[in-house]
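Structure at a glance
Residues per chain are reported as follows:
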Amino acid sequence: TTCNFKCSYCFPGCNDGKYRWPIGEQIETIHKNLSYMFDVYKQYGKTKFSILITGGEPTLWPELGNFVKYFKETYDARISISTNASRTLRWWKQHAHNFRSIGVSVHNEEVDIEHTIEVLDWIYLNTETAVHAAVLMDSKNWDNCVSIVNRLKNHPIPWLLRLREVIE
């Protein structure tokens, strides 16, 4: 429940920080458990593994880059993430290539649309990672959402744009 955005339409408790990211021995336990599970699957001939990482905002976890890199390199895991893409372009340049797909949720109340476009463009043009933007269509801020959609759909780089209705 750790997120740097405080969108009014998010459900209660989704960004209160009550459930923090794993730290210390918890990270080691997660690595051991997932590795054990993947190793057992490999014994049965399984070779393809997928991990979906969601949040809050998962890129705020300080260990995310190491976690993703380890499972991609060790198990050739296909790792997808749902993110608001608010981390710096430098962070994305360092880590985007370790993801198979990146879904960027565009939240009208908090988004820096120029930064988001810069991140989407860089990932699309410089990695093999699939990337798309999903605009959450908020009825309370409909005109702003439509403006964001128009800005994205008229952008010349062809990463995928999706619309998602916010149901309250």
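Below or above, wherever it landed, is the structure these notes cover.

Conventions adopted
- Each chain carries its own residue numbering, running from 1 in the written order of its sequence.
- Given that the model is predicted, a residue must reach a pLDDT of at least 70 before its local features are reported, and side-chain atom pairs must reach 80 or more before they are shown or counted; all residues, however, enter totals for whole chains, interfaces and linings.
- Hydrogens and water molecules were not included; the side-chain quantities draw on all heavy atoms of the structure.
- Numbering of helices and strands starts at the N terminus; helices are DSSP runs of H or I of at least 4 residues and strands are runs of E of at least 2.
- The globule rule used here is 2.2 Å times the number of residues to the 0.38 power, and the radius of gyration it is set against is calculated over C-alpha atoms.
- Any two residues having at least one pair of non-hydrogen atoms within 4.5 Å are treated as being in contact.
- We call Phe, Tyr and Trp rings a pair once their centres come within 6.5 Å, taking the six-membered ring for Trp, and we label the pair stacked below 30 degrees between planes, edge-to-face above 60, and tilted otherwise.
- A simple rule labels every residue: compare its accessible area, found with a 1.4 Å probe on the protein chains alone, to the largest value its type can have, and call it buried under 20%, exposed over 50%, or partly exposed in between.
- Here a salt bridge means any side-chain nitrogen of Lys or Arg lying within 4 Å of a carboxyl oxygen belonging to Asp or Glu.
- The length a helix should cover is 1.5 Å for every residue beyond the first.
- In this description, one arc is meant: the one made by directions from the helix axis to the C-beta atoms.
- The crossover handedness rule: strands pointing away from the viewer, path from first strand over the helix to second strand clockwise, crossover right-handed.
- The set of buried Ala, Val, Leu, Ile, Met, Phe, Trp, Tyr and Cys residues whose side-chain atoms join them within 4.5 Å is what this entry labels a nonpolar core.
- Within this scheme a cavity is a closed region of a 1 Å grid, computed over the protein atoms alone, that accommodates a 1.4 Å probe without allowing it to escape, whereas a pocket is open but has protein on both sides within 12 Å along at least five of seven lines; lining residues each have an atom within 4 Å of a point.
- Grid points are joined across faces, edges and corners, and a volume is the space filled by probe spheres set on the points.
- Amino acids outside the nonpolar list (Ala, Val, Leu, Ile, Met, Phe, Trp, Tyr, Cys, Pro) and the charged list (Asp, Glu, Lys, Arg) are all regarded as polar, and Gly is one of them.

1. Quick notes on the overall build of the protein chain
Looking only at helices and strands, the protein chain has 5 helices and 5 strands in total. In terms of C-alpha radius of gyration, the protein chain reaches 17 Å, essentially the compact-globule figure of 15 Å for 168 residues. Seen through its principal axes, the protein chain has C-alpha atoms that stretch 55 × 35 × 30 Å. Summarising the internal contacts of the protein chain: among those between residues at least 6 apart in sequence, 68% fall at separations of at least 24.

2. As for the packing of aromatic side chains
Under the definition given, this model contains 10 aromatic pairs. Consider the rings of Phe38 and Phe49, whose centres lie 4.4 Å apart with planes at 25°: the pair is stacked. Of the two residues, Phe38 sits in helix α1 (residues 25–43) while Phe49 sits in the loop between α1 and β1 (50–53), which places them 11 residues apart along the sequence. Of the residues examined, Phe38 reaches a relative accessible area of 4% and is grouped as buried. Between Trp61 and Phe67, the aromatic rings sit 5.5 Å apart at their centres with planes inclined by 55°, giving tilted as the arrangement. For Phe67, a relative accessible area of 7% puts it in the buried group. Taken together, the ring pairs connect Trp21, Phe38, Phe49, Trp61, Phe67, Tyr70, Phe71 and Tyr75 into an aromatic cluster.

3. Comments concerning the pattern of salt bridges
According to the stated counting rule, one finds 2 salt bridges in the structure shown. Residues Glu114 and Arg151 are paired through a salt bridge, measuring 2.8 Å at the closest nitrogen-oxygen approach. Here Glu114, found in helix α4 (residues 113–126), pairs with Arg151, found in helix α5 (residues 142–153); they are 37 residues apart in sequence, far enough to count as distant. Since its relative accessible area comes to 43%, Glu114 is described here as partly exposed. For Arg151, a relative accessible area of 32% puts it in the partly exposed group.

4. Things to note about α5
Between its terminal C-alpha atoms α5 stretches 16 Å, which fits the 16 Å expected from 12 residues at 1.5 Å a residue. Among all positions in α5, only Cys145, Ile148, Val149 and Leu152 are buried. Angular distribution of buried residues about the axis of α5 spans 100°; they occupy a single face of the element.

5. What to know about the pairing of β1
Along β1, the buried face is formed by Ile51 and Ile53; none of Ser50 and Leu52, which line the opposite face, is buried. Following the chain from β1 across helix α2 (residues 64–75) to the adjacent parallel strand β2 (residues 78–83), one finds a crossover that is right-handed.

6. Structural notes on the nonpolar core
Core analysis: the largest hydrophobic core is formed by 41 residues, its most contacted members being Phe71, Ile102, Val106 and Leu152. In contact with Phe71, other than residues within four places in its own chain, are His31, Leu34, Ser35, Phe38, Ile51, Asp76, Ala77 and Ile79. With 5 residues, the next largest nonpolar core counts Cys3, Phe5, Cys7 and Leu136 among its residues.

7. Let's talk about the layout of surface pockets
In this structure, the largest pocket occupies an estimated 610 Å³ of space. Every residue lining the largest pocket is counted, 29 residues in all, and those nearest its centre are Gly56, Ser82, Ser105, His107 and Leu136. When residues of the lining of the largest pocket are traced back to their parent elements, those giving at least two are β2, β3 (101–106) and β4 (130–137). Among the elements that take part in the lining of the largest pocket, β3 stands out by supplying 5 residues, more than any other. Classifying every residue of the lining of the largest pocket gives 14 nonpolar, 13 polar and 2 charged. Reported here for the second largest pocket is a volume of approximately 150 Å³. Lining the second largest pocket are Lys72, Asp76, Ala77, Arg78, His97, Asn98, Phe99, Arg100, Thr127, Glu128 and Thr129. Looking at the lining of the second largest pocket residue by residue, the classes come out as 2 nonpolar, 4 polar and 5 charged.

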